[in-house]
Amino acid sequence: EIVKKAGPAVVTIAEVIPQSDRSLSPFESFFYQQEFSKEDPTMPQEIGSGFILDKEGLIVTNKHVVSHQDGEYYVITHADKKYAVKQIYRDPVNDISLLKIDPTENKEPLMTVKLGNSDKLQVGQYVVAIGTALGEFNNTVTTGVISGLGRGITAGSPFEGLERLDNVIQTDAAINPGNSGGPLINSSGQVIGVNTAISSDGQNIGFAIPINVVKEAISNFNNTGQFSRPYLG
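For the structure given in this document, a descriptive report is provided here. Owing to the predicted nature of the structure, the values given are computational and were not obtained by experimental measurement.

The next subject is the pairing of strand β12 (residues 190-198). Of all 9 residues in β12, 8 are buried; the element is thus mostly enclosed. Taken together, the 2 bridges between strand β7 (residues 114-115) and β12 define a ladder with parallel strand orientation. Residue pairing for β12: K114 is matched across the bridge by Q190. For strand β11 (residues 183-185) and β12, the ladder comprises 3 bridges, and the chain directions are antiparallel. Opposite I185, over in β12, you have V191 as the bridge partner. Between the end of β11 and the start of β12, which pair antiparallel, lie 4 residues, with G189 showing a positive phi angle near 80°. Bridging between β12 and strand β13 (residues 206-210) involves 5 bridges; their strand directions are antiparallel. The partner of N195 across the bridge, within β13, is A208.

Thresholds, definitions, all that
Residues numbered from 1 in each chain as written. Predicted model: local features only at pLDDT ≥ 70, side-chain atom pairs only at ≥ 80, totals over all residues. Heavy atoms only, no water. Buried < 20%, exposed > 50% of the residue type's maximum accessible area, 1.4 Å probe, protein only. Helix = DSSP H or I, 4+ residues; strand = E, 2+ residues; numbered from the N terminus. Pairing = 2+ DSSP bridges.

Here is the structure:
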């Protein structure tokens with residue numbers, strides 16, 4: 001029932017990358033990205049996941065999934081319909097991006113998720129993760145529990161920069177390459193986190209950004225049309 005509620009709103013995010021630009025990111029130890037195909041230098045590469053917020057075509061994913069400023073991105077839905085990403089809005093503070101697609105590009109109605117309240121989570125609570133595992137297996141479902149709350153992690157690499165993520169959710173639900181940006185869901189079928197990272201030093205130690213952080217970012221975006229955040233340089 002959980003998957004029936006939320007699964008149709010989970011999408012795959014793909015990018016067309018020229019062969020000359022293809023490389024493996026040093027972020028892979030924490031921020032997974034799919035290795036690009038060696039056969040076709042122009043075919044869309046499935047690199048991450050996301051979920052649809054509203055029928056107007058607003059989608060949540062990780063910032064590192066759509067990190068190329070000039071990249072050409074696509075969204076592939078549960079029904080295998082393809083949409084071009086029209087706009088990308090990147091949060092300068094958190095590993096969050098909002099994507100905008102045109103819902104009229106296909107006749108298929110967009111399915112949406114319901115958002116939960118990540119402030120009421122408890123350790124041991126049952127959760128489900130959905131995403132495009134290994135950048136190949138769309139809508140892969142894994143299960144587990146919340147292993148910890150309020151975790152702080154440093155993700156990235158000295159080569160491309162480190163990013164501090166605070167107050168993230170720890171889970172033992174399997175999060176694989178390609179799961180980044182997909183939803184972490186509670187037993188009521190509500191999204192309570194955005195799958196973001198996994199520890200390369202352990203087993204079944206994954207992390208998700210709490211959905212209330214995403215709600216705040218969406219509210220900020222809806223009020224201003226952009227991410228307006230004060231910060232200390």
